[in-house]
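# Geometric and topological summary
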Amino acid sequence: MADAKVIPFDDDRSRARRRPGRADGEAAAVRALPGPLQGPQGPEGGQEGPAPGKAEEAAPGADVGVEAEVDSGAGGWERRLAGGLAFLRRRITGDYEVDEFGYDEELTDQVLMSLLRPMYEKYFRVEVKGVENIPAEGGALIVANHSGTLPLDGLMMQVAVHDHHPAGRHLRLLAADLVFVLPVVNELARKAGHTLACAEDAERLLRAGEIVGVMPEGFKGIGKPFGERYKLQRFGRGGFVSTALRAGVPIVPCSIVGAEEIYPMIGNARTLARVLGFPYFPLTPTFPWLGPLGALPLPTKWTIQFGEPIPTDSYAPEAAEDPMLMFNLTDQVREQIQHTLYKLLVQRRSVFF
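What you are looking at is a predicted structure, and each value in this text was computed from that prediction instead of being measured.

## Re the nonpolar core
If you look at the biggest cluster of nonpolar residues, it comprises 30 residues, and the most contacted ones within it are L141, V143, F240 and V333. Counting residues per element, this core draws most heavily on helix α10 (residues 323-347), which supplies seven residues. Not counting chain neighbours up to four residues away, the residues in contact with L141 comprise L206, V212, V214, F240, A244, V249, P250, I251 and V252. Listed in part, the 29 residues of the second largest apolar core include V131, L171, C254 and I262.

Dropping the structure here:
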């Protein structure tokens, strides 16, 4: 299989957004990451005109209706089949592009999101609130609580932003080192736009106008006992606040309800975890007692709420080195997430409905 072309991170070509399922058989141009912003806001919000050769895609609304009618008939199946074959040809020949982090936007839109969407829509029945609080352009840092024994909450948050944001934005998640040493998982994470949870990578993504997601609780949040559900753990040393201050981007708190109950962790086999090199080895009412069947998550009802953004562009550049300011902003974000969690828990009728 041929290698894909690697797009430099500071490539200044614009990224024409395309929703999933729109492949039409033509070799679609994969969107490159935008160039770094000039300061906190960037020139004219970091937006550029459409890429050359894309003017034909901006057809009048009437044409969209005609195309939808065609897609609904036999011609629609032929169009989708042709698009699928063209996608496979590009994969085999290497006629696609990834950025220097390994992010493959075409594969994410057309394959990975399609695989996650049934779990998002049918299994967890995720309800999204406040997605309009995520900026339509420019960088932003989404900070969320972490739970569920396995990091499915990050993936569901990624689908929520991808499918529900009016501007069709993509979420780039910061992941722990463990993700990038596991076979298969490493490659899929890179293709989906995840990158190592370090300040340098996060700041570079934010300055390039990307939406970045971080879960500061880390393994302490995702691996906490069931009895401590929805009680936020320590948010580290506030490194995410320092990164947002340096990049001059807003912080968007995010609260996720429903993930805590998918794998009720009632015990931790610490010895086995050390042998395997894992931070914990969960024991739940079904795992490992029921074998592979016990690894299925419970079909809980989820709610993901994005809160009001907290601006950082009014602070001076040296504010990122002020420990008191970082502490105050970290505490503000944490308290907002915790308060929203309690509010959503009071409002929900049941864990499963």
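## With respect to the pairing of strand β7 (residues 211-214)
With burial as the criterion, each face of β7 is covered, one bearing I211 and G213 and the other bearing V212 and V214. Here four bridges tie strand β4 (residues 140-144) to β7, and the two strands are oriented parallel to one another. Residue pairing across strands places L141 opposite V212, the latter belonging to β7. By the bridge criterion, three bridges tie strand β5 (residues 171-175) to β7 in an arrangement that is parallel. Across the sheet, L171 pairs through a bridge with I211, a residue of β7.

## Some thoughts on helix α3 (residues 105-123)
The end-to-end C-alpha distance of α3 is 25 Å, a good match for the 27 Å that 19 residues give at a rise of 1.5 Å each. At M113, α3 is deflected by roughly 40°, the largest bend along its length. What α3 keeps buried is the set E105, E106, L107, T108, D109, L112, M113, L116, R117 and Y120. At the N-terminal boundary of α3, the capping side chain belongs to D104, with an oxygen 3.4 Å from the backbone nitrogen of E106. Phi turns positive, to about 50°, at R125, one or two residues after α3.

## Quick notes on the sheet that holds strand β3 (residues 127-129)
An order of β3-β11-β8-β4-β7-β5-β6 is seen for the seven strands of this open sheet, with the pairing classed as mixed. Whereas interior strands pair on both sides, the edge strands pair on one side only; in this sheet they are β3 and β6 (195-196). Together, β3, β4, β8 (251-257) and β11 (303-306) form the strand contacts of α10, whose direction differs from that of β8 by roughly 30°.

About the criteria used
Residues numbered from 1 in each chain as written. Predicted model: local features only at pLDDT ≥ 70, side-chain atom pairs only at ≥ 80, totals over all residues. Heavy atoms only, no water. Core = buried A, V, L, I, M, F, W, Y, C linked by side-chain atoms within 4.5 Å. Buried < 20%, exposed > 50% of the residue type's maximum accessible area, 1.4 Å probe, protein only. Helix = DSSP H or I, 4+ residues; strand = E, 2+ residues; numbered from the N terminus. Contact = heavy atoms within 4.5 Å. Pairing = 2+ DSSP bridges. Expected span 1.5 Å × (residues − 1). Bend = angle between axes of the 7 residues up to and from the residue. Polar contact = N/O pair within 3.5 Å; in protein donor to acceptor, adjacent residues only side chain to side chain. Axes fitted to C-alpha atoms, helices over the stretch in contact; angles between N-to-C directions.

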